[in-house]
Amino acid sequence: MKKIVFVILFLFSLTVFAQNEQLAQNYFDRGEFEKALLSYQDLLKMQPSNAVFFQKTIDCQQQLQQYDVAEKAIQERFAKYKQASLLIELGYNYQLKKEDAKAKSYYEEALDRIRKNANEVYSIAQVFEKKSLINYALQSYQLALEKEPKFNFNFQMALLYGQLGNTDMMITTFLDEAAANPQNSIMIQNQLSRFMIEDADANFNDALRKNLLLRSQKDQNILWNQYLSWFFVNQKEYGKAFIQEKAIYKRNPESFGNIVNLGQLAIEENEDETAKEILTFVLENTKDLDLLVQSNTYLMEMRIKSAPEKDYPVIENELIALIKEYEVSPYTLPLQILQAHFLAFNLKNPETAKTILKNALEMPITNYQKADMKMELADILLFEEKFNQALIYYSQIEEDLKNDIVGHEASLKAAKTSYFKADFEWASKQFKELKSASTQLIANDALEYFLLITDNTVADSTQTALKKFARADFLLYQNKRQEALTAFLDVLKLEKADEIKAITLLRLGKIYEKNGDFVTALTQYQEIIDKHKDEIYTDEALYFSAEIYNSQGNIEKAKSLYEKVIMEHEDSIYYVEARKKYRQLRGDTAS
């Protein structure tokens, strides 16, 4: 019984101690340093050797400008423990008192500890960095390397160079680390990517490119081809990345997976010619069934996207021939899905499409492959306006793949199904939940539809314009472009169309673009810019207009519009792309 009581009391005391520690931290975080100091002093009395509690009491005293009290406490602790980190604490306390000479003497004393024992660098450099004494932290590592050349602090030193704004040394040191420890490449690339995104004048990107090219010329290590490919992919220069991937392939013929992925990226960025070149190279150089099926699928998708209706019979026969060549099996599912989609949405033959997919579901396939089949089947049922049947399949995917990107995609499509059938109340609830989805694309899409429904319900309780707009949107989903065009034009004629007019013009602009009528598309976007500049679609109108002018070679006009996105719409999802393209047109980025 005594043992049980002892255990209960022990556990209770641990709980109370943890609560007191949390309370002290809460005071500190809120800037209530007097209360935090008292709490940490109590904790330190219970655990006198606890370095964290001691440091927190010093931090509180320094925040309260009790420098002399802090100095005495640090000196007493140093006399007891002789830790080099306390020398830095003492120096920092003098620095706060504006006694820089004394501060420097203690910092130098800490560095002397490294000169005598290089292993002291780990604690000393860390404390210097915490105090934002970056030059001293850097010097700590340099001294340790002089004492013990076998040490490697490239990663830590590169980060410090970055904090100092010395990006040239940061690049050199990170790449030295890459050469010494290729297994750290992902961490290194993640750090470099931060500067590639945040850099204000593109000098960083140019310096990194030059450094990588120089290393690839001096050292034939395949590592530098991989880094150059990564760099060009980040810059969305897929043709240049492909040159590097071909060089990698010559020395490592097993590296085809990256090339196929590169082709997919080029497709997503609408660089169709580069994508065709990449995927054709794959077809000519591999016998791997997965890669052959994947590459042919991507090539056919591009073909379908841009093909006029008169080419549909030829495409249908090519799809049949490909599936016959590679056979109907779980390995050719991507081609079977593409064939089903083409039959339903392009040839308007949903029955045959559904038969293909239902047969595929009978094969021994994974849960993710089943989800792909069911997703396409649901899409086709939606195409047929069989809303409830489509929702059943979307719900099955949601249930089978909870908290997965595929499950979230199914949730978004289910919400759109409710929207298409004018069940706006339920659709709005679903879109509201999906606004916080972990996938940015899904979250953005959900937010757009949520605002569309909310704004137009407030403006028109009968939802007349919203219903007509949703119907036009559905016609667009069904790939009935001309009918959708007519329907969107009808929305503009409604008396209560003011709230929905900007997004209607945006939809019309995209349809005219697909029809190749760029003059009329620009007219729609310009009306948004001129008459609806306070609404959320202005950044899209600016960006889409810039893209048209850019593709037509009207550089000055494109530059002007990209600049407006940058200067006036920093929160736009097109901000990063607009900035990149503006710089390219301005000539900032070296080729």
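Notes on the structure follow. (Residues numbered from 1 in each chain as written. Predicted model: local features only at pLDDT ≥ 70, side-chain atom pairs only at ≥ 80, totals over all residues. Heavy atoms only, no water.)

According to the stated counting rule, one finds 36 aromatic pairs in the structure shown. Judged by centre distance (5.5 Å) and plane angle (80 degrees), the ring pair of Y312 and F342 falls under edge-to-face. Of this pair, Y312 sits in helix α18 (residues 312-326) while F342 sits in helix α19 (residues 333-346); the two residues are 30 residues apart in sequence, bridging distant segments of the chain. Classification of Y312 as buried rests on a relative accessible area of 11%. Residue F342 is classed as buried on the basis of its relative accessible area of 1%. Grouped by ring-pair contacts, the aromatic residues F345, F383, F387, Y419, F420, F424, F431, Y449, F474 and Y477 constitute a single cluster. Directly above the ring of F28 sits K56, whose terminal nitrogen or CZ lies 4.2 Å from the centroid. (Phe/Tyr/Trp six-rings, centres within 6.5 Å; stacked < 30°, edge-to-face > 60°. Helix = DSSP H or I, 4+ residues; strand = E, 2+ residues; numbered from the N terminus. Buried < 20%, exposed > 50% of the residue type's maximum accessible area, 1.4 Å probe, protein only. Lys NZ or Arg CZ within 6 Å of the ring centre and 35° of its normal.)

What follows deals with the pattern of salt bridges. With the rule as written, the count across this model stands at 36 salt bridges. Salt-bridge contacts for K305 lead to D272; the nearest nitrogen and oxygen are separated by 3.7 Å. Placement of the pair is K305 in helix α17 (residues 289-306) and D272 in helix α16 (residues 272-285), with a sequence separation of 33 residues. By relative accessible area, which is 48% here, K305 ends up partly exposed. (Salt bridge = Lys/Arg side-chain N within 4 Å of Asp/Glu carboxyl O.)

Position of V127 among the secondary structure elements: in helix α7 (residues 121-130). C-alpha separation for the pair V127 and E89, spaced 38 residues apart in sequence, amounts to 8.3 Å. If near-sequence neighbours (up to four positions away) are discounted, V127 is found in contact with S85, I88 and E89. (Contact = heavy atoms within 4.5 Å.)

Our next topic: the packing of helix α14 (residues 238-251) against helix α15 (residues 256-268). Running from N to C, α14 and α15 cross one another at 170 degrees; their axes reach a closest spacing of 10 Å. When the interaxial angle is binned, α14 and α15 end up roughly antiparallel. For the pair formed by α14 and α15, the contact residues are Y238, A241, F242, E245 and Y249 on the first element and F256, N258, I259, L262, L265 and A266 on the second. Split into classes, the residues belonging to the contact of α14 with α15 amount to nine nonpolar, one polar and one charged. (Axes fitted to C-alpha atoms, helices over the stretch in contact; angles between N-to-C directions. Parallel < 35°, antiparallel > 145°, perpendicular 65-115°, else oblique. Nonpolar A, V, L, I, M, F, W, Y, C, P; charged D, E, K, R; others polar.)

Spanning 14 residues, helix α10 (residues 167-180) covers 20 Å between terminal C-alpha atoms, matching the ideal 20 Å at 1.5 Å per step. Residues of α10 that are buried include every one of M170, I171, T173, F174, L175, E177 and A178, and no others. (Expected span 1.5 Å × (residues − 1).)

Turning our attention to α15. Taking 1.5 Å of rise per residue, 13 residues should cover 18 Å, and α15 covers 19 Å from first to last C-alpha, within 8% of that figure. Looking at α15, one finds that the buried residues are F256, I259, V260, L262, G263, A266 and I267. When α15 is viewed along its axis, its buried side chains cluster within an angular range of 155 degrees and face the same direction. The elements touched by buried residues of α15 are α13 (222-234), α14, α16 and α17. N270 occupies a position one or two residues after α15 and carries a positive phi of about 60 degrees. (Arc of directions from axis to C-beta.)

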